[in-house]
Amino acid sequence: MRRRRRRPGGHGARPAAGQIRRGGSGLEKYPDFLRDFRGDTVHASTLNLLDQLSLGDRFAALPQQREQRLTMEFDDGAITEDFSRLPGRHQHIALVPQWDFLNLLANAAAESPHFHLAQHAEVIDLLRQGGRVRGVRYTDKDTGRTSELAAPLVVATDGRHSTVRDLLGLRPRSSATPHDCLYVRIPRLPGDPDGTFLRFSATGGLIMINRGDYWQAALLIGKDTAQDALADDGAWTRRAIARLAPYTSERMAAIGAADIAVLQIRSDRLARWWVPGALLIGDAAHAMSPSRAWESTWRCRTPSPRPGSWCPLCGVAG
Ligand SMILES: Cc1cc2nc3c(=O)[nH]c(=O)nc-3n(C[C@H](O)[C@H](O)[C@H](O)COP(=O)(O)OP(=O)(O)OC[C@H]3O[C@@H](n4cnc5c(N)ncnc54)[C@H](O)[C@@H]3O)c2cc1C
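Each value, and the rule that gives it
- Residues numbered from 1 in each chain as written.
- Predicted model: local features only at pLDDT ≥ 70, side-chain atom pairs only at ≥ 80, totals over all residues.
- Heavy atoms only, no water.
- Pairing = 2+ DSSP bridges.
- Helix = DSSP H or I, 4+ residues; strand = E, 2+ residues; numbered from the N terminus.
- Near = heavy atom within 4 Å.
- Polar contact = N/O pair within 3.5 Å; in protein donor to acceptor, adjacent residues only side chain to side chain.
- Areas by Shrake-Rupley, 256 points an atom, 1.4 Å probe, with all protein chains shown as cover.
- Nonpolar A, V, L, I, M, F, W, Y, C, P; charged D, E, K, R; others polar.

The name recorded for the protein chain in an unreviewed UniProt entry is 2-polyprenyl-6-methoxyphenol hydroxylase-like FAD-dependent oxidoreductase, from Nonomuraea dietziae.

If you want it as structure tokens, here you go:
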């Protein structure tokens, strides 16, 4: 007998949408959204969703950079991704610091009389009854007080290290990721390229986002090699970035290991995104690697690593 394939999340998505329309509460463990070294790109499909939520104009008013095309530079040439034929109203990628975007969403949600966002409130346990999740237990981190919040549906959006997922005993399946990533701010000077800078070679990959007076630079490194990359107060990292973007070389002298943030890239996915009374979405259900999008193109373009160079597929020095 053929079994029909279910779309992931299909069981919970419709009840969740109905529940959110009726009202709800959000709990966020930090007091604000000011975390650096997160993704800045807001893609055309998301811009279309913002229009549907009547938030398009407010988003357009945020300070942002727009890219109609992105050029990836390789050792032997370049490839340009052109967004002009994307369907919908938006034929570009917008680059906005993530905290501006999240503040916009939080402020818009706060205008609804049916929604309340509690910040500095950390979910620490689930309320369960009769085989269903019935709500959460959380700590108000300002007062230290623990409270219970009953809910007909708990939607876990608590990210790649999801507490709710752990409490439910759900284990995501991981797929191999060949990279980790180092994030660093590099001063931006007159005469630098204007838009996003993408450079890939057999020795590494670099993505630099224009943040006005500085670049937010992401250097892709081999999996689990961050310790080596940070050794000697970040000298390896400075050299690797300078090789890929020579114009940054001299201005990195003041950057040491303490200025470099390490991101362990993950890619995983739950086989089932729900249990009775709870639905997991976003990174809690499927963590995405920000570098995945570039990898397939990189694979095709990068020659086999020479001895002593670094393989972009397996992250191992040859
Ligand atoms: C370095 C990096 C760059 C990226 N770049 C891009 C990009 O350019 N464009 C793009 O579209 N995507 C990008 N991504 C992916 C994107 O950031 C994630 O897919 C997205 O943020 C997932 O959203 P989320 O709400 O599921 O999880 P998160 O954004 O991780 O949010 C989870 C939230 O839950 C809170 N939380 C955690 N535990 C608890 C708890 N117990 N109680 C209460 N609150 C809790 C956290 O504080 C956090 O605010 C990037 C990811 C990374 C790591």
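Draft legend 1. Looking closely at the sheet that holds strand β6 (residues 93–95). Spatially, the 3 strands line up as an open sheet ordered β2-β6-β3, and their pairing is antiparallel. The outermost strands of the open sheet, each flanked by one partner alone, are β2 (41–42) and β3 (65–67).

Draft legend 2. Spatial organisation of the site of the ligand. The local shell around the ligand holds 25 residues, among which Glu28, Gly39, Thr41, Val123 and Asp283 are the closest. In the environment of the ligand, an oxygen atom lies 2.5 Å from a nitrogen or oxygen atom belonging to the side chain of Thr41. Between Val123 and the ligand, the recorded distance is 2.9 Å, taken from a backbone N or O atom to a nitrogen atom. Considering the ligand on its own, with 1000 Å² of exposed area, one finds that the protein chains cover 79% of that surface. Of all the elements in the fold, those that place two or more residues in the shell around the ligand are β1 (24–28) and β8 (121–129). By residue number, the principal contributor to the shell around the ligand is β8, which donates 3 residues. For the shell around the ligand, a count of residues per class yields 9 nonpolar, 7 polar and 9 charged.

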